[in-house]
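Chain residues, written in single-letter form:
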Amino acid sequence: MILAIAAALMVLRLLVELWLDALNRAEVRRHAKTPPAAVAAIMDGVTYAKSVGYTLEKSRFGVLSGVFDTLVLAMIVFGGVLPHLFALTSAWAPPAAMWDDALFFILAGVLLSVPGLPFDWWSQFRIEQKYGFNRSSPGLWLGDKVKGLLVALVLGFPLLWLLLMLVEWTGAVWWLWAAGVLLGFQLLMMVLYPKLILPLFNKLTPLPEGPLRTRLMAFADRTGFKARTIEVIDGSKRSGHSNAYFTGFGRFRRIVLYDTLIAQLSPEELEAVLAHEIGHYRRGHIPRMLALSAGVTLGGFLALAWLADNPEFNEAFGFPAFEQAPAFLLFALLSGTVTFWLSPLTNLLSRHHEYQADAFARDAVGGAAPMVGALRKLAQKNLSNLTPHPWYSAFHYSHPTIVERERALAK
């Protein structure tokens with residue numbers, strides 16, 4: 001019964017994903033020849049046709065990679081591979097050791113990620129290259145994969161070991177301690193990631209002295225965001241896509257702008273983008289999302305504890321009863337089949353935050369024009385899909401579409 005439920009959830013998610021992709025492609029094709037007036041105001045005909053081609057090609061490729069990933073996951077979860085790997089790692093360690101359980105988790109993650117590497121390579125060096133976004137090289141791509149694996153080993157192994165040891169140290173309430181440790185780790189990473197991990201992949205530098213920096217720093221002060229610096233990330237090293245984001249909390253908060261974004265937008269539009277990111281801070285979105293994350297983490301560990309205490313759960317997949325590491329891994333691999341159905345709710349909250357941040361930016365810069373200009377340029381440069389199907393958008397879009405954001409800014 002447990003295997004049947006797990007397989008049914010996996011298949012149901014895949015079928016719904018395929019259905020949503022088909023709906024989205026049909027919606028994009030329906031508007032391909034005659035885009036709505038609001039869309040035509042954002043993109044010229046040539047750029048719009050290119051964005052349609054980019055969207056459809058990514059969707060078709062996503063179907064192929066999604067089916068492949070599901071088949072690989074099913075083969076590993078139901079095919080006896082994981083119990084064999086668990087037995088091997090257990091044989092390497094003394095009976096009372098726990099490091100072998102953490103190693104099992106890490107090796108299983110590597111085993112799952114390797115089959116998808118050709119798809120990742122094709123996406124980067126065929127699709128992104130075709131539409132002018134790829135700036136990476138095969139050597140840089142491979143180096144990123146190796147460094148990502150090393151970071152996962154250095155950070156993931158001790159964290160997993162600690163979480164598994166908490167089961168031994170704290171007894172029946174281990175899940176409460178584990179949730180606290182994981183949340184503390186996430187907060188610590190919000191501070192340390194830009195300083196210790198991000199430099200392994202990208203160069204992060206303060207926005208150079210000059211009129212733009214003076215303007216943006218003065219604007220941040222006027223809007224109640226006391227920033228020590230605004231930083232620029234060399235996103236153009238790998239991609240032509242552009243972005244901006246807010247990270248950290250308290251005195252560690254920072255705003256990061258992609259160098260591609262600075263090259264694409266005017267000072268007025270950059271000011272509006274900065275105002276949008278400050279809006280997230282001023283409207284309290286960061287602590288709100290942290291609180292939501294804490295609740296989800298706590299609920300997840302509680303569910304994991306319930307499953308781990310059920311001997312039938314491990315045994316259904318070929319593992320010894322009450323072994324914590326297999327229960328941890330199975331929960332990590334299969335929980336997405338459940339949380340997938342909650343994505344419309346989390347996206348709805350995220351889009352609500354985006355509307356609020358847009359409104360803050362509009363009021364802060366004295367009108368909607370700079371923000372609208374920035375959004376339109378970003379849509380053009382990133383070849384955004386301007387006509388997604390509403391159901392696809394509900395499941396996959398954490399931000400409203402450009403048309404929806406313009407409509408809200410005009411109110």
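Definitions and cut-offs
- Residues numbered from 1 in each chain as written.
- Predicted model: local features only at pLDDT ≥ 70, side-chain atom pairs only at ≥ 80, totals over all residues.
- Heavy atoms only, no water.
- Helix = DSSP H or I, 4+ residues; strand = E, 2+ residues; numbered from the N terminus.
- Rg over C-alpha atoms; globule rule 2.2 N^0.38 Å.
- Buried < 20%, exposed > 50% of the residue type's maximum accessible area, 1.4 Å probe, protein only.
- Contact = heavy atoms within 4.5 Å.
- Areas by Shrake-Rupley, 256 points an atom, 1.4 Å probe, with all protein chains shown as cover.
- Lys, Arg positive; Asp, Glu negative; His and termini not counted.
- Charge placed at Lys NZ, Arg CZ, Asp CG, Glu CD.
- Axes fitted to C-alpha atoms, helices over the stretch in contact; angles between N-to-C directions.
- Parallel < 35°, antiparallel > 145°, perpendicular 65-115°, else oblique.
- Left-handed = near helix turned anticlockwise from the far one by under 90°.
- Salt bridge = Lys/Arg side-chain N within 4 Å of Asp/Glu carboxyl O.
- Expected span 1.5 Å × (residues − 1).
- Bend = angle between axes of the 7 residues up to and from the residue.
- Patch = residues over 30% accessible without salt bridge, like charges linked within 9 Å, V, L, I, M, F, W, Y side chains within 5 Å.
- Pairing = 2+ DSSP bridges.
- Phe/Tyr/Trp six-rings, centres within 6.5 Å; stacked < 30°, edge-to-face > 60°.
- Lys NZ or Arg CZ within 6 Å of the ring centre and 35° of its normal.

**What about the overall build of the chain?**
Reasoning step 1: Helix and strand counts for the chain stand at 19 helices and four strands.
Reasoning step 2: For 411 residues, the compact-globule estimate of 2.2 N^0.38 gives 22 Å, and the C-alpha radius of gyration of the chain, at 23 Å, lies within 12% of that figure.
Reasoning step 3: For the chain, the proportion of its 411 residues judged to be buried stands at 45%.
Reasoning step 4: For the chain, the share of sequence-separated contacts (at least 6 apart) that also reach a separation of at least 24 residues comes to 75%.
Reasoning step 5: Working note: accessible area of the chain is about 20,000 Å², and carbon and sulfur atoms make up 68% of it.
Reasoning step 6: Positive and negative charge centroids in the chain, built from 36 and 30 side chains respectively, lie 9 Å apart.

**Examining the packing of helix α16 (residues 343-365) against helix α19 (residues 402-410)**
Reasoning step 1: Between α16 and α19, the shortest axis-to-axis distance is 10 Å and the interhelical angle comes to 50°. Taken together, the axes of α16 and α19 are oblique relative to one another. Classified by chirality, the crossing of α19 by α16 is right-handed. Together, Glu 354, Tyr 355, Asp 358, Ala 359 and Arg 362 of α16 and Glu 404, Arg 405, Ala 408 and Leu 409 of α19 make up the contact between the two elements.

**Details of the environment of Gln 356**
Reasoning step 1: Position of Gln 356 among the secondary structure elements: in helix α16.
Reasoning step 2: The spacing of Gln 356 and Gly 240 is 116 residues in sequence and 28 Å in space, taken between C-alpha atoms.
Reasoning step 3: Setting aside its immediate chain neighbours within four residues, Gln 356 contacts Arg 283, His 285 and Arg 288.

**Things to note about the pattern of salt bridges**
Reasoning step 1: Scanning the entire structure with this criterion turns up 12 salt bridges.
Reasoning step 2: For Asp 120, the salt bridge identified is with Lys 145, shortest N-O distance 2.7 Å. Of this pair, Asp 120 sits in helix α6 (residues 117-130) while Lys 145 sits in helix α7 (residues 138-170), and the two are 25 residues apart along the sequence.
Reasoning step 3: Looking at Asp 120, the relative accessible area reads 31%, which means it is partly exposed.
Reasoning step 4: Residue Lys 145 is classed as partly exposed on the basis of its relative accessible area of 34%.

**Here we look at α7**
Reasoning step 1: Counted at 1.5 Å a residue, the expected span for α7 with its 33 residues is 48 Å, and the 47 Å between its end C-alpha atoms agrees.
Reasoning step 2: Along α7, the helix axis deviates most sharply at Gly 156, where the bend reaches about 30°; the proline Pro 158 sits within four residues downstream.
Reasoning step 3: Here α7 has its buried residues at Trp 141, Asp 144, Val 151, Gly 156, Leu 159, Leu 160, Leu 163, Leu 164, Met 165, Leu 166 and Val 167.
Reasoning step 4: Considering only its buried residues, α7 is in contact with α5 (99-113), α6, α8 (174-197), α12 (285-308) and α14 (324-334).

**Some words on the environment of Leu 345**
Reasoning step 1: Positionally, Leu 345 belongs in helix α16.
Reasoning step 2: In the structure, Leu 345 is positioned 315 residues away from Arg 30 in sequence and 27 Å away in space, judged by C-alpha atoms.

**What to know about a nonpolar patch on the surface**
Reasoning step 1: A cluster of nonpolar side chains, contributed by Leu 142, Val 146, Leu 149, Leu 150, Leu 153 and Val 154, occupies part of the molecular surface with about 530 Å² of accessible area.
Reasoning step 2: Its place among the elements puts Val 146 in helix α7.

**Observations concerning the pairing of strand β2 (residues 230-233)**
Reasoning step 1: Of the two faces of β2, the one lined by Ile 230 and Val 232 and the one lined by Glu 231 and Ile 233 are each fully buried.
Reasoning step 2: Summarising the sheet, β2 and strand β4 (residues 254-258) pair through four bridges and their orientation is parallel. Each bridged residue has a counterpart across the sheet, and for Val 232 the counterpart in β4 is Leu 257.

**A closer look at the packing of α12 against α14**
Reasoning step 1: Running from N to C, α12 and α14 point in directions that differ by 130°, and their axes come no closer than 10 Å. Overall, the two elements α12 and α14 adopt an arrangement that is oblique. Our pair here, α12 against α14, has a crossing hand that is right-handed. Across the interface between the two elements, Gly 300, Phe 301, Ala 303, Leu 304, Leu 307 and Ala 308 from α12 touch Gln 324, Ala 327, Phe 328 and Phe 331 from α14.

**Some remarks on the packing of aromatic side chains**
Reasoning step 1: If you walk through the whole model with that rule in mind, you get 20 aromatic pairs.
Reasoning step 2: Look at Phe 340 and Trp 341: their rings are 5.0 Å apart centre to centre, the planes differ by 75°, and that puts the pair in the edge-to-face class.
Reasoning step 3: Trp 341 gets classed as partly exposed once you look at its relative accessible area, which sits at 33%.
Reasoning step 4: Taken together, Tyr 54, Tyr 131 and Phe 133 form an aromatic cluster joined through their ring pairs.
Reasoning step 5: When the ring centre of Trp 122 is taken as origin, the NZ or CZ atom of Arg 126, which lies over that ring, is 5.3 Å away.

**A word on helix α3 (residues 45-78)**
Reasoning step 1: The end-to-end C-alpha distance of α3 is 49 Å, a good match for the 50 Å that 34 residues give at a rise of 1.5 Å each.
Reasoning step 2: Following α3 by one or two positions, Gly 80 adopts a phi angle in the positive range, close to 85°.

**Quick word on unusual backbone geometry**
Reasoning step 1: One non-glycine residue, Phe 322, adopts positive backbone phi at about 70°.
Reasoning step 2: Counting through the fold element by element, Phe 322 comes out in the loop between α13 (311-316) and α14.
Reasoning step 3: On the basis of relative accessible area, Phe 322 is assigned to the partly exposed category, the value being 47%.
Reasoning step 4: In this structure, Leu 383 is a non-glycine residue whose phi angle is positive, near 55°.
Reasoning step 5: Inspection of the secondary structure puts Leu 383 in the loop between α17 (369-382) and α18 (390-396).

**Side note on the side chain of Ser 393**
Reasoning step 1: Examined against the element boundaries, Ser 393 turns out to sit in helix α18.
Reasoning step 2: Ser 393 sits in the buried class, given a relative accessible area of 7%.
Reasoning step 3: When neighbours within four sequence positions are excluded, Ser 393 is seen to be in contact with Asn 347, Arg 351 and Pro 388.

Taken by themselves, the reported measurements are silent on function.
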